[in-house]
Amino acid sequence: MAVLAVFALAPAPQDPAPRPTFPEWLEGVRAEALTRGIRPAVLDAAFANLSEPLTTVIDRDRAQPETVLTLEEYLSRVVTEKRMASAAEMFALHRKLLDQVSLRYSVSPRIIVAAWGLESNFGQTSGTQPTIAALATLAWDTRRPTLFRRELLNALEILNRGDIEPANMRGSWAGAMGQPQFMPSSYLSFAQDFDGDGRRDIWSSSADVFASIANFLQKNHWTDGERWGREVTVSAEAAGRIATEVGRRNGSCVARRDMTVAVPMARWQALGVRLPGGRPLPSSSLNAALVSSASRQFLVYRNYEALLEYNCAHSYAISVGLLADSIR
């Protein structure tokens, strides 16, 4: 009887609170935005006609090509002869402006063009999704709500500053905006007004686009004059030695965990890593890490870290590097 009495006094388990509807949830975002100083008129314009999440955005979030495709598949689709020709053409067309940007930010104009080419096909496909609706959808979704709620509030801050009108704030399904495909947090930290018109216009100003990409890379420790990496060959015997003798990295993203620690070039040479054709590795004071896929291997240097900051996927970072190297 005593045991039964104890159970009788114990509180009954509570059901979890029901999830708010999308409009109710959006009201919560509005209330938080107001406390951050976002003007009511900005919120009215941003949330106009936004009554339900975008199912297409959630579907795209489940099938990202950088994680679904192998490195070989991704490179074959992205670093094509056509895109390399376009990169060379865009480099020549914008050379004067690119040199001005490069001089100010100490970032190679070739790497600027390559990142621009990968992000938006040289400004041609920067995305048509309304940024506020896409971010609200991903913040409402249960997969990564904290991350995307933060980005949604940052996007509202951009509107509040007057850099772009809500109807023109468009980008990818993931909320990446403009030709550099900056997330709102990156925009607030790195976007530049290089043409001096008082707006950081990464949607239509080539000067602001190039400068914003260069500023991002510079702030993430790009060192002008150094390589990003190089393709190498690794024999089966060398691969076995590397697996037992060279440690793996730690990191917050899969790509950083899926590479070795950086060691001196002489060490890679001793382990049996070679340039294509069996040529010896060049001497260098820089340490390098090894990135391997099923059939291709790359030694990558510290500039590679800046590319991973842009998009932490080896397929992306290697594609940018190879596209930049193709420009002559």
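Residues numbered from 1 in each chain as written. Predicted model: local features only at pLDDT ≥ 70, side-chain atom pairs only at ≥ 80, totals over all residues. Heavy atoms only, no water.

Caption draft 1: Spotlight on unusual backbone geometry. Residues other than glycine seldom take positive phi values, yet Q181 does so here, at roughly 55 degrees. We note that H221 has phi near 75 degrees; this positive angle belongs to a residue other than glycine. For H221, the position within the fold is in the loop between α13 (206–219) and β3 (229–232). (Helix = DSSP H or I, 4+ residues; strand = E, 2+ residues; numbered from the N terminus.)

Caption draft 2: Quick peek at the side chain of S212. Tracing the chain through its elements places S212 in helix α13. Polar contacts involving the side chain of S212 include one to the main-chain carbonyl oxygen of D208, which spans 2.6 Å. Non-local contacts of S212, meaning those with residues more than four positions away in its chain, are made with F182, F190, A191, Q192 and I202. (Polar contact = N/O pair within 3.5 Å; in protein donor to acceptor, adjacent residues only side chain to side chain. Contact = heavy atoms within 4.5 Å.)

Caption draft 3: Up close: the sheet that holds strand β5 (residues 287–292). Pairing in this open sheet of four strands is antiparallel, and the strands run β3-β6-β5-β4 from one edge to the other. Both outer strands of the open sheet, β3 and β4 (263–264), are each paired with one neighbouring strand and no more. Across four bridges, the pairing between β3 and strand β6 (residues 297–300) is antiparallel. Bridging across to β6, R230 finds its partner in L299. (Pairing = 2+ DSSP bridges.)

Caption draft 4: Here's a closer look at the state of the cysteines. According to the stated counting rule, one finds one disulfide in the structure shown. Paired by a disulfide, C253 and C312 hold their sulfur atoms 1.8 Å apart. Note that C253 is positioned in the loop between α14 (236–245) and α15 (254–257) and C312 in the loop between α17 (303–310) and α18 (314–326), a separation of 59 residues in sequence. Exposure remark for C253: the relative accessible area of 15% places this residue in the buried category. (Disulfide = S-S within 2.5 Å. Buried < 20%, exposed > 50% of the residue type's maximum accessible area, 1.4 Å probe, protein only.)

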